[in-house]
Each structure stands twice: as C-alpha cells, then as structure tokens.
Amino acid sequence: MSEVLVLVDFQNGVVKKPTFELLTLAKRLGTPSAVFIGGSGDAAGVAESVKKYGAEKVYVIDDAQIKGYLVAPKAEALQQLAEKVSADSGGLAAILIPSGAETKEIAARLAVKLDSGLITDAVDIAAADDGGAVATQSVFAGNYTLTGKVTKGTPIITVKPNSAAPEQADGAGTVEEFAVTVSDAAKTAQIVATQPRQATGRPELTEAAIIVSGGRGTGGDFSAVEALADELGAAVGASRAAVDSGWKPHSFQVGQTGKTVSPQLYVANGISGAIQHRAGMQTSKTIVAVNKDEEAPIFELVDFGVVGDLHTVLPALTEAIKQR
Ligand code: FAD
C-alpha cells in the first residue's frame, strides 16, 4: 500500500488530537506516516504518541532552518519529503494536513510546488474506487455536503478538527530524520515575536468533550457560563455576536468563521442559533440550549431546551451539579 503523509499538529510539547484523527482517516487510503516538523529532542515522544494510532514511520524534520520563519520553509520541507517518499515507494496516496490558518497556507503552497490538487476543510475522507481519495466538505454553513476528488498529482487534503473519531491501532513508529535544504527565497517572512495564549486551565475548544457557550444573551457577563463550564470540566465557547462585542477573543468563536466543534455535549446559552453558528456545532452529540425566547431557532436542533433567563437557569444548574 502507498504511504499517506500526515502532518503532526504539535503544540506546547504535546501531539494534538487532530493528528490522531488524520492518522485514522489515513488508514482508509494507505499506510500512514507522520511528519513532524520540530526539534529532534521531541521526536521520541511524538513517535510514542503517533504509533498508537497506526503511524508506521515518523519523518522528523528538525526545525533549525525553519524556526523563526512563517510558512514558506515548511511548505518547501514537505515538498522535498513528499518527492523523496514518492520516488522511493512509487507514489504517495495522499498528504493530510490538519485545517488551520497556518496549515492551510502550507497546504496551498505545497500544492503549487507539487503541481497537485488541493481540497481544504474536509470533514471526511474515503478511498476512491480508482485508488484516489474522495473528500467530503460541508459548505454553505453546513446546508450542503460536497464530495470532491483530486484529479491531478498527489491529493493534498486539509481536514477540520473533530471530523473523525481517533481509533487506536498499532504502528511501528519508526523514526527517520529527514534533512531538508531551505532556499533563501523561502525565508522571506520572519517571526518577530510569539506570545503564548494565556492558560485558562480549561480544555482546548476543538478538543473538549463538553463545551458551554455564551452569546449576545449573556449581555457580556460570562460568569454563569464559565462557572457551569468549570463545574463540568468544559471549554468555553462564544457566538460571533459575543466575539464582535469584544466579550471574548476570536479564538472562542464557534461557527462558520470560527471553530468547528463536535463535542459529546454542547450547551448554548443566549445564542439564537443562526445558521452560521450551527455550522460550527451542529454535529455535537447532545445539544442543550438555554434561551428566554421559546421561538429561538436554536430550539429546532436541541436534544434538551430550557426556556428561561440564563442568569437564573445556569447558576441553578451549576448548583444542582455541585450537589451530586
Ligand atoms: P443573537 O442572534 O442576538 O441572539 C441572542 C439570543 O439570546 C436570542 O435568541 C435571545 O432570545 C437570547 N437571550 C437574550 N437574553 C437572554 C437571557 N438573559 N437568557 C437567555 N437567553 C437570552 N455567528 C457565529 O456564532 N459564529 C460564526 O462563525 C459566524 N460566522 C458568520 C459568518 C458570516 C459570513 C455571517 C454573515 C454571519 C456569521 N455569524 C456567525 C453571525 C450570525 O449570523 C449571528 O449574527 C450570530 O450567531 C448571533 O449571535 P447570538 O446568537 O449570540 O446573538
């Protein structure tokens, strides 16, 4: 079987869940190999994580030449690796990349360099009858499902977080260092400073099993939303109205122009349920809404709905959970 390269999402010293989702999807297309662009010192830990999800090889590209620059050197490094693996094994089945602002730019540059087709923001992947990859996208705020296929070169597909449930599988996790030569032309945009996001002690939005979100109905007071979230060990999300009002940063936004989430439980508070918000959360396993307007569209998709003022309902709910 041909190899499938999966770009590892590695942040703050850990391999993030989207990597495991992509390795799971990669198995449908061929033999998964992880690609880690980062320090060699972290390689053993990365290999240990990804081999549990079926990665046979772990290509390590030490970031000495890449560090300090934005996306172009990473795209060049991936190009060199893809060409080498392809030449050695007679072709690559696909290259899978987690969807993100930076990674989608890497994917686009890589597609140009490899003269390959690119599909972004896939929510599912399947093997095509002729051996290629078929990707599903959710478009127009989730109102249409589009199925597409790359017809030129190695399929390069970026996949949204939470698109697949990670499945454990035994892989060899053999580490192979891969040396790259980064051209001066690629070193055009330098990183001047990086600021770590302030730790909240709550889980990452796209990885959380439970999300408690607030919208315009909070009136800017998220204390009841946050208290419930902390009681449930949940992440806090927000609608665009709450973000646009400056109550929460954009990293909290759920929806078409925010994050796509698919937790076990999504609790929407003071959120009307506009299609752009639904686009980011409608695949949640159980949806609960608290809204004082019984006609709010959010009630069309909930499993449980409470008509009431969130500033009264949420503290009562939090207290009831505490008593358990
Ligand atoms: P509102 O629609 O104003 O709803 C507030 C709700 O709170 C109402 O239903 C009200 O009954 C209820 N309420 C008020 N007070 C209380 C209370 N005390 N207790 C309980 N309930 C109360 N939106 C997103 O969320 N994410 C996106 O990514 C996104 N992308 C967009 C992209 C585009 C191109 C466009 C055009 C729009 C996008 N939007 C997005 C905006 C979207 O259309 C809505 O405007 C937005 O989701 C509304 O946010 P909201 O539900 O918080 O506010």
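Residues numbered from 1 in each chain as written. Predicted model: local features only at pLDDT ≥ 70, side-chain atom pairs only at ≥ 80, totals over all residues. Heavy atoms only, no water.

- The name an unreviewed UniProt entry assigns to the protein is Electron transfer flavoprotein alpha subunit apoprotein, from the organism Nocardioides terrae.
- Per its UniProt entry, the protein bears the Sequence similarities (unreviewed entry) comment "Belongs to the ETF alpha-subunit/FixB family."
- Under the UniProt heading Subunit (unreviewed entry), the note attached to the protein is "Heterodimer of an alpha and a beta subunit." (UniProt positions renumbered as here; feature names shortened; annotations may be inferred.)

Some points on the packing of helix α5 (residues 223–232) against helix α8 (residues 310–323)
Then, in step 1: Where α5 contacts α8, the axes come no closer than 9 Å and their chain directions differ by 20°. Between α5 and α8, the crossing angle belongs to the class labelled roughly parallel. In this structure, the crossing between α5 and α8 has a hand that is left-handed. Only L310, L314, P315, L317, T318, I321 and K322 of α8 make contact with α5, whose side of the interface consists of A224, V225, A227, L228, E231 and L232.
Then, in step 2: Its residues assigned to classes, the contact of α5 with α8 shows 10 nonpolar, one polar and two charged. (Axes fitted to C-alpha atoms, helices over the stretch in contact; angles between N-to-C directions. Helix = DSSP H or I, 4+ residues; strand = E, 2+ residues; numbered from the N terminus. Parallel < 35°, antiparallel > 145°, perpendicular 65-115°, else oblique. Left-handed = near helix turned anticlockwise from the far one by under 90°. Contact = heavy atoms within 4.5 Å. Nonpolar A, V, L, I, M, F, W, Y, C, P; charged D, E, K, R; others polar.)

Examining the sheet that holds strand β14 (residues 265–269)
Adjacent strands of a sheet form backbone hydrogen bonds with each other and so pair up, either parallel or antiparallel.
Then, in step 1: With respect to topology, five strands assemble into an open sheet ordered β13-β12-β14-β15-β16, the strand pairing being parallel. This sheet does not close on itself; its edge strands, each paired only once, are β13 (235–238) and β16 (304–307). Pairwise comparison of adjacent strand axes, ignoring direction, gives a mean angle of 15° for this sheet.
Then, in step 2: Pairing of β14 with strand β15 (residues 286–291) involves five bridges; the strand directions are parallel. Across the sheet, V267 pairs through a bridge with V288, a residue of β15. (Pairing = 2+ DSSP bridges.)

So, the sheet that holds strand β1 (residues 3–7)
Then, in step 1: With mixed pairing, nine strands are arranged side by side in an open sheet as β9-β8-β7-β10-β6-β1-β4-β5-β11. The strands lining the two open edges of the sheet, one partner per strand, are β9 (144–149) and β11 (174–177). The average undirected angle you get between the axes of adjacent strands in this sheet is 35°.
Then, in step 2: Pairing geometry for β1 and strand β6 (residues 92–98), over four bridges, is parallel. Opposite E3, over in β6, you have L92 as the bridge partner.

Focus: α8
Then, in step 1: With 14 residues, α8 extends 19 Å between its outermost C-alpha atoms, agreeing within 8% with the 20 Å of an ideal straight helix rising 1.5 Å per residue.
Then, in step 2: L310, V313, L314 and T318 are the residues of α8 that are buried. Along the axis of α8, the buried positions cluster into a sector of 130°, meaning they face one direction only. Across from the buried face of α8, at angles greater than 90 degrees, the exposed residues are T312 and Q323.
Then, in step 3: Where α8 is buried, its residues touch α5, β14, β15 and β16.
Then, in step 4: By the N-cap criterion, in which a side-chain oxygen at the helix start approaches the backbone nitrogen of a residue two or three places on, α8 is capped by D309, the distance to H311 being 2.8 Å. (Expected span 1.5 Å × (residues − 1). Buried < 20%, exposed > 50% of the residue type's maximum accessible area, 1.4 Å probe, protein only. Arc of directions from axis to C-beta. Polar contact = N/O pair within 3.5 Å; in protein donor to acceptor, adjacent residues only side chain to side chain.)

Concerning the site of the ligand
Then, in step 1: Inspection of the region around the ligand gives 25 residues, with R216, S239, T257, S272 and N291 positioned closest.
Then, in step 2: Within the side chain of R216, a nitrogen or oxygen atom sits 2.6 Å from an oxygen atom of the ligand.
Then, in step 3: In the complex, the protein chains occlude 75% of the 980 Å² of accessible area that the ligand would expose alone.
Then, in step 4: Residue assignment for the shell around the ligand shows that the elements contributing at least two residues are α6 (240–244), α7 (275–281) and α8.
Then, in step 5: Across the shell around the ligand, the residue classes break down as five nonpolar, 15 polar and five charged. (Near = heavy atom within 4 Å. Areas by Shrake-Rupley, 256 points an atom, 1.4 Å probe, with all protein chains shown as cover.)

So, the packing of helix α3 (residues 72–89) against helix α4 (residues 101–114)
Then, in step 1: In contact at an axis separation of 9 Å, α3 and α4 are set at 50° when each is read in the N-to-C sense. When the axes of α3 and α4 are compared, the pair comes out oblique. Note on packing geometry: the crossing formed by α3 with α4 is right-handed. Every residue of α4 that contacts α3 at A72, K74, A75, E76, L78, Q79, A82 and E83 is listed here: E102, I106, R109, L110, K113 and L114.

Comments concerning the environment of F178
Then, in step 1: Within the secondary structure layout, F178 lies in the loop between β11 and β12 (210–214).
Then, in step 2: The buried category is assigned to F178, whose relative accessible area is 15%.
Then, in step 3: With 104 residues separating them along the chain, F178 and K74 place their C-alpha atoms 13 Å apart.

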